[in-house]
Amino acid sequence: MKIIETKNYQETSLVAADILAEQVRKKENSVLGLATGSSPEGMYSELIKMYKNGEVDFSKVISVNLDEYFGLGPDNNQSYRYFMNKHLFDHVNIRKEYTYVPDGLTKNPEQECKAYDQLIEDLGGIDLQVLGMGLNGHIGFNEPADYFTAGTHLVCLEESTIEANSRFFASKEEVPTKALSMGLKSILSAKKILLIVHGKAKQEILMKAIHGPVTPQLPASILQLHPNVTVVCSFNE
Ligand code: F6R
């Protein structure tokens, strides 16, 4: 595991954007696993700048997102599809039809989850998976549990996750209680993983994830078993 500690969020975002852009330069049709939330937001801004400067070309890139709130559709400004359009896809030359996010409005979550796993397999797996980490150590919406879940699945979000994510909503009551999340098999099958962590509040849990025992109670700890993980982090605030 390679750990790059930077001085602040700005630098974390720049380093992460360089890693992602380098991946796309090396393989123009890369399959990128993408995350939402505040951790990768700065990286997406940097990538938009790089695209506008002609430093990266997304025209052949395919993306698969980690997760989506159950019950929210693309037009809902809290959905992860909406987030991705707003923070990246609408500003670069990625082909929208090759950007995949689980369907939060599915009437048949079980079938949607199976189809999502099949899609990732059909794409030949993920070349670079971007991850953020929750305050409870979750990756995607793989919450602390007694066991690791392999495939895409419908998750009941932990109270602490609902609380943490309520900062993006008008009230806590509006935060969906369930989500569709990629499982740990797809995440760990990615050829490379880029974990972005920012903030003092996440420092201790990150240290446990990197140096402590591998346990489903701290889902990010499973990354210790992956041969090519880069953690870019900053803890200054
Ligand atoms: C989002 C996701 C989550 C977030 C995590 C951290 O697609 O998969 O695991 O990465 O909840 O969220 P932020 O970055 O907002 O602190």
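A quick note: this is a predicted structure, and the numbers were derived from the prediction, not measured.

Thresholds, definitions, all that
- Residues numbered from 1 in each chain as written.
- Predicted model: local features only at pLDDT ≥ 70, side-chain atom pairs only at ≥ 80, totals over all residues.
- Heavy atoms only, no water.
- Helix = DSSP H or I, 4+ residues; strand = E, 2+ residues; numbered from the N terminus.
- Rg over C-alpha atoms; globule rule 2.2 N^0.38 Å.
- Buried < 20%, exposed > 50% of the residue type's maximum accessible area, 1.4 Å probe, protein only.
- Contact = heavy atoms within 4.5 Å.
- Near = heavy atom within 4 Å.
- Polar contact = N/O pair within 3.5 Å; in protein donor to acceptor, adjacent residues only side chain to side chain.
- Areas by Shrake-Rupley, 256 points an atom, 1.4 Å probe, with all protein chains shown as cover.
- Core = buried A, V, L, I, M, F, W, Y, C linked by side-chain atoms within 4.5 Å.
- Axes fitted to C-alpha atoms, helices over the stretch in contact; angles between N-to-C directions.
- Parallel < 35°, antiparallel > 145°, perpendicular 65-115°, else oblique.
- Left-handed = near helix turned anticlockwise from the far one by under 90°.
- Nonpolar A, V, L, I, M, F, W, Y, C, P; charged D, E, K, R; others polar.
- Expected span 1.5 Å × (residues − 1).
- Arc of directions from axis to C-beta.
- Salt bridge = Lys/Arg side-chain N within 4 Å of Asp/Glu carboxyl O.
- Phe/Tyr/Trp six-rings, centres within 6.5 Å; stacked < 30°, edge-to-face > 60°.

Before going further, it helps to examine the overall build of the protein. A count of helices and strands for the protein gives seven helices and ten strands. On C-alpha atoms alone, the protein measures out to a radius of gyration of 16 Å, which is about the 18 Å that the 2.2 N^0.38 rule sets for 237 residues. With respect to the three principal axes, the spread of C-alpha positions in the protein is 45 × 40 × 35 Å. Expressed as a percentage of the 237 residues in the protein, the buried residues total 54%. Taking the contacts inside the protein whose residues are at least 6 apart along the sequence as the reference set, 78% of them involve residues at least 24 apart.

Neighbouring the ligand are 14 residues, the closest being S39, D67, H138, G140 and K202. The side chain of H138 places a nitrogen or oxygen atom 2.6 Å from an oxygen atom of the ligand. A distance of 2.9 Å separates an oxygen atom of the ligand from a polar side-chain atom of R167. For the ligand, whose unbound accessible area comes to 410 Å², protein coverage reaches 94%.

Next up on the list: the nonpolar core. Judged by nonpolar contacts, the single largest core of 57 residues is most densely connected at L20, L34, M43, L47, L88 and L206. When neighbours within four sequence positions are excluded, L20 is seen to be in contact with L32, L34, M43, L47, F58, L128 and V130.

The next point concerns the packing of helix α1 (residues 9-26) against helix α2 (residues 38-52). Contact pair α1 / α2: the axes reach a minimum separation of 8 Å and the direction vectors enclose 60°. As summarised for this structure, α1 and α2 are arranged oblique, according to the angle between their axes. With respect to the hand of their crossing, α1 and α2 are arranged in right-handed fashion. Of the residues in α2, those in contact with Y9, Q10, S13, L14, A16, A17, D18, L20, A21 and R25 of α1 are S38, S39, P40, E41, G42, M43, E46, L47 and M50. Grouping the amino acids of the contact of α1 with α2 by side-chain chemistry returns ten nonpolar, five polar and four charged.

Moving on, we get to helix α4 (residues 109-122). Over its 14 residues, α4 extends 20 Å from the first C-alpha to the last, a length consistent with the 20 Å expected when each residue adds 1.5 Å. Those residues of α4 that sit buried are P109, E112, C113, Y116, L119 and I120. Mapping the buried residues of α4 onto a view down its axis gives an arc of 120°, with all of them on the same face. Residues of α4 that are exposed and point more than 90 degrees away from the buried face comprise E110, Q111, K114, E121 and D122. Residues of α4 that are buried in the fold lie against β3 (62-65), β5 (99-100), β7 (153-156), β8 (178-181) and α6 (184-189). Once α4 finishes, G124 follows within two positions and takes phi at roughly 85°, a positive value.

In the structure shown here, the tally under the stated rule is nine salt bridges. Residue K27 is joined to D127 by a salt bridge in which the shortest nitrogen-to-oxygen separation is 3.0 Å. With K27 in the loop between α1 and β2 (31-34) and D127 in the loop between α4 and β6 (128-131), this pair connects stretches of sequence that are 100 residues apart. Since its relative accessible area comes to 4%, D127 is described here as buried. The closest approach of N and O atoms between K96 and D90, which form a salt bridge, is 2.7 Å.

This part is about the packing of aromatic side chains. Counted under the stated rule, the structure contains four aromatic pairs. Between the aromatic rings of Y69 and Y80, the centroid separation amounts to 4.7 Å while the plane-to-plane angle is 40°, which identifies the pairing as tilted. Placement of the pair is Y69 in strand β4 (residues 67-69) and Y80 in helix α3 (residues 80-87), with a sequence separation of eleven residues. Assessed through its relative accessible area of 1%, Y69 is described here as buried. Using a relative accessible area of 10% as the deciding quantity, one classes Y80 as buried. For the ring pair Y80 and F141, a centre distance of 6.1 Å and an interplane angle of 20° mean the geometry is stacked. Taken together, the positions of Y80 in helix α3 and F141 in the loop between β6 and β7 put the pair 61 residues apart, joining distant regions of the chain.

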